[in-house]
Amino acid sequence: MKPFTVVLTGNPNCGKTTLFNALTGLRGRVGNYAGVTVERKEGSLTGADARFPVTILDLPGTYSLSPQSPDEQIARDILFQRVADVPTPDLVVVVVDASNLQRNLYFATQVIELGHPTLLTLNMVDVARDRGHDIDTDALSKALGVPVIPMVASQGEGLEPLRQSIRSQASSPGTRHVIPREFNELPEAFGREAQAIETALERHFPHRSRLAAAEALLLLSDERALPTDKTNTDGNTNGNTANTRYPEALIEQVLSARRRLEAAGVDWRSTAIEARYARLFAIEQHVTRETPPPDELLSDQIDRVVTHRVWGPLIFVTVMALMFQSIFWLAQYPMSGIEAAVDALAQWVGSSMPPGDLNDLITRGAIAGVGSVVIFLPQICLLFLFIGLLEDTGYMSRAAFLMDRLMSRVGLHGKSFIPMLSSFACAIPGIMATRTIETRQDRLATILVAPLMSCSARLPVYTVLIAACIPQRNGWPGLTLLMMYLLGIGGALGMAWIFKKTLLRGEPPMLILELPPYKRPMLGAVLRQMWDRSKLFLKRAGTVILGINILLWFLATYPRSSELQQEFDQRHAQWKQAASNPPTSAESETLKRLDQEEAGEKLRQSFAGRLGRAIEPALKPLGFDWKIGIGIVTSFAAREVFVSTLSVVYNVGGDSENTASLAEVMKSERRDDGRKTYTPLTGLTLMVFYVFAMQCVSTVAVVRRETNSWKWPLFQTVYMTSLAWILAFLTYQVGTRLGF
Amino acid sequence: MRPLSTLIPGERAVVARIDIPPEQRGRLMEMGLLPGTPVELVRFAPLGDPVEIKLRNYHLSLRKLEADKIQVH
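Residues numbered from 1 in each chain as written. Chains lettered and ligands numbered in written order. Predicted model: local features only at pLDDT ≥ 70, side-chain atom pairs only at ≥ 80, totals over all residues.

(A) Here's a closer look at the overall build of chain B. Each helix and strand in chain B was counted, giving 2 helices and 6 strands. Along chain B, helices (α) and strands (β) appear in the sequence β-β-α-β-β-β-α-β when read from the amino end. Along the first, second and third principal axes, the C-alpha atoms of chain B reach 30 × 25 × 20 Å. Considering chain B as a whole, with its 73 residues, one finds that 45% of them fall into the buried category. For chain B, long-range pairs separated by at least 24 residues make up 52% of all intrachain contacts whose partners lie at least 6 apart in sequence. (Helix = DSSP H or I, 4+ residues; strand = E, 2+ residues; numbered from the N terminus. Buried ≥ 20, exposed ≤ 12 C-beta atoms within 10 Å, placed from the backbone. Contact = placed C-beta atoms within 7 Å.)

So, in structure tokens, the structure goes:
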């Protein structure tokens, strides 16, 4: 049986997601809409009658039915039944923030006019009351012609009546009937034109005739609602499929209607907006009793400090610094736990299996390789936790407010700040967050530079290189790490400036940023979101990275040369004959060197070794040897693979006598000419390379999806890799000249 | 009549005219910023731009560039 579909919609920050979590018991599935990476949240109503299952779909927050960004577009397209795999909503629940009634009702009344069975939930009535707005729910319901349920979703108040209402509608679907309503008193000329278009729409699209009145109004007053060829090239789905494509005659009718209105002195763009707000103002006057709040609101008090001329930037820097510090400090304990567990697992597997290639593959290729990446899960969880908290409390939009001036210097938007900050966690959610940016050029510029922000996958690379190369005193490790993050930020801003001056020139974008009141974060929801995002990282470790590691193990192990094996077997036998029993420490040292020489020689003969040596000429000017080359090549798909590659290349883990950490092994690693491989300069050069290099297939895939073309991801990969090479080259050459 | 950006923090006024080109000001108007709407300038960001205004019981941030083009009285 087809489940009863409830669509949740409303303005951003109206508590829609809280309500969704409450209705579905935090068990909603998170996915994407086909073809676009707009987050799609879907879940079943908990406590629904088993005979009448209810599916709840959470739409992206939107301010109106005239979308300005791709996520708003999805919301409109679903409400207009234009998304193929989403059924016609059986019930639309509009969530309205009671403390911001007029603007929320702007969208709510647009939705009511669509003619779907609609229910309005008046959320945050407690906040509204504290602010002195007492809303008469019954009067509001009468004025809007739809049921209104008051609620405080965060406290669970009003949930039961809503559930009850959904359940009763789901079990008796025949009883719904909607009385069409309009909330515009339009000037006569405008109304006449809208009526004519409505009639034409009904004729062309009889299967969705109930939408005709609202669609006619939108077509007439929103110039972007008419899908033209131009609007279709920017990589967004316009919902412009065969069943919604407007016939030429209709488009012409709309255009000529606009011309007639213009000639009559009617502004077809703003008339409907003004008429609606005039009506909403009257409704609000009628249904609310205002009492001025006794004190300044807490949120305003907080803002006076947080956006203060002096305190604001200071607090911002402190928050960022605390965030990164605690990521390291708090994560180190679970990280050492995971490390110990991985080692124990590798040893246990290694000792309980007969020795041989399979044993080696599982312990060194799979467990040590994937383990060296999974270790970073705590850091990544923390990063997502902090970003989630910043978003949920409302601080994120203040950060955008504070940073907008700086961002506008490079031609970007305060809104680009949020995607860029999210890119510290991972460029993928960052790039997905650019959907809130209205203009195409700004969105593209942000997408192009977002991966330059040091993401969590670089952390393992930086951490290992810092441990192996940088002096562990005087705060050098922390300082180096900070430098890498700053370099990424500087690079991103610089490149954004260049792109906005050249490829993506455009008007300086308009900023329309709501500063919602602060609220206490919903810890459950934040943790849930943290886990959803971190799961992606784990999934990657379990799939892509595992795959690469197994492949890498083969490449690093084969082909085997029997002559080489014989030679080393012979030398081992010689050692055994000459050595005393038990061996002296000098003799043990000789054996260790012999083992290392054997491993190194085998690697050199392997496919991976040949690959590394083949690209060595390109890396020599950067001071990298062929072993590092193997790491760079294999980590092309995912940066963190560099670490697991090194642990395979340097033979860490698995064999039980050698449990030295990767960094220790790297410290003792020598080049063919006997010099140390990992000097501070090599470490720095490698890190600079990783700051700028693309090295992430998932990002490439997401950029492909978001821009709907291969052109941009390819361009991005090329520019980032070139930049990485050039800057690493400069670092190494300047460093060498300076005598490092 | 004077631009919104010339208000001092805490000062209130009423929107008279929006001199932003019609095809760009749609969203601003949908957010409720219309001729006749009372607004309050709340503050300027620490670096002087953008500005924060209050209208219809909520807070909105705009760049000075746009605030310059919104005439109030």
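(B) Broad picture of helix α21 (residues 523–557) of chain A. Along its 35 residues, α21(A) runs 48 Å from first to last C-alpha, staying within 8% of the 51 Å computed at 1.5 Å per residue. If you look at α21(A), its biggest bend is around 35°, right at I545(A). (Expected span 1.5 Å × (residues − 1). Bend = angle between axes of the 7 residues up to and from the residue.)

(C) Geometry of the interface of chain A and chain B. The partner chain B presents 29 residues to the 32 residues of chain A that form the contact. Considering each element in turn, the side of chain A that touches chain B owes the most residues, 4 residues, to helix α15 (residues 395–409) of chain A.

(D) Just the packing of helix α22 (residues 562–578) of chain A against helix α23 (residues 585–605) of chain A, in detail. Residues and elements named next belong to chain A. For the pair α22 and α23, the least separation of the axes is 11 Å and the interaxial angle reads 180°. It follows from the interaxial angle that α22 and α23 lie roughly antiparallel. The segment α22 lies against α23, with L564, F568, R571, H572 and W575 engaging T590, L591, L594, E598, E601, K602 and Q605. (Axes fitted to C-alpha atoms, helices over the stretch in contact; angles between N-to-C directions. Parallel < 35°, antiparallel > 145°, perpendicular 65-115°, else oblique.)

(E) Region of the structure containing the domain arrangement of chain A. Partitioning chain A into domains gives domain 1 (4–175), domain 2 (324–516 + 525–559 + 606–740) and domain 3 (563–595). Inter-centroid distance (C-alpha atoms) of domain 1 of chain A to domain 3 of chain A is 74 Å. (Domains from an automatic or database assignment.)

(F) Quick look at the sheet that holds strand β2 (residues 12–18) of chain B. If you trace the 7 strands from one edge of the open sheet to the other, you get β10(A)-β5(B)-β4(B)-β3(B)-β2(B)-β6(B)-β1(B), paired in antiparallel fashion. Both edges of this open sheet fall to β10 (513–514) of chain A together with β1 (2–3) of chain B, since each of them pairs with a single strand only. Relative to strand β6 (residues 70–72) of chain B, β1(B) runs antiparallel, the two sharing 2 bridges. Residue R2(B) lies in a different strand from β6(B), and its bridge partner there is V72(B). (Pairing = 2+ DSSP bridges.)

(G) Structural view of helix α25 (residues 626–634) of chain A. All names here are of chain A. The element α25 is extensively covered by neighbouring structure, given that 9 of its 9 residues are classed as buried. For α25, every residue scored as buried is listed here: W626, K627, I628, G629, I630, G631, I632, V633 and T634. As for α25, its buried residues are in contact with α21, α24 (607–619), α26 (641–649) and α28 (680–692).

(H) Unusual backbone geometry, seen in detail. Y558(A) connects to P559(A) through a cis peptide bond whose omega is -10°. With an omega dihedral of 0°, the bond running from D49(B) to P50(B) counts as a cis peptide bond. Relative to the helices and strands, P50(B) resides in the loop between β3 (38–44) and β4 (51–55). For N13(A), which is not a glycine, the phi torsion comes out positive at approximately 65°. Of note, N13(A) is situated in the loop between β1 (4–10) and α1 (16–24). Although it is not a glycine, N708(A) sits at a positive phi angle of roughly 60°. When you line up the elements, N708(A) lands in the loop between α29 (697–707) and α30 (711–737).

(I) Geometry of the pairing of β4(B). Residues and elements named next belong to chain B. As paired strands, β3 and β4 are joined by 5 bridges and run antiparallel to one another. Bridging from a neighbouring strand, E40 pairs with K54 of β4. Between the antiparallel neighbours β3 and β4 lie 6 residues, among them G48 with a positive phi of about 90°. The pairing of β4 with strand β5 (residues 58–62) spans 5 bridges and is classified as antiparallel.

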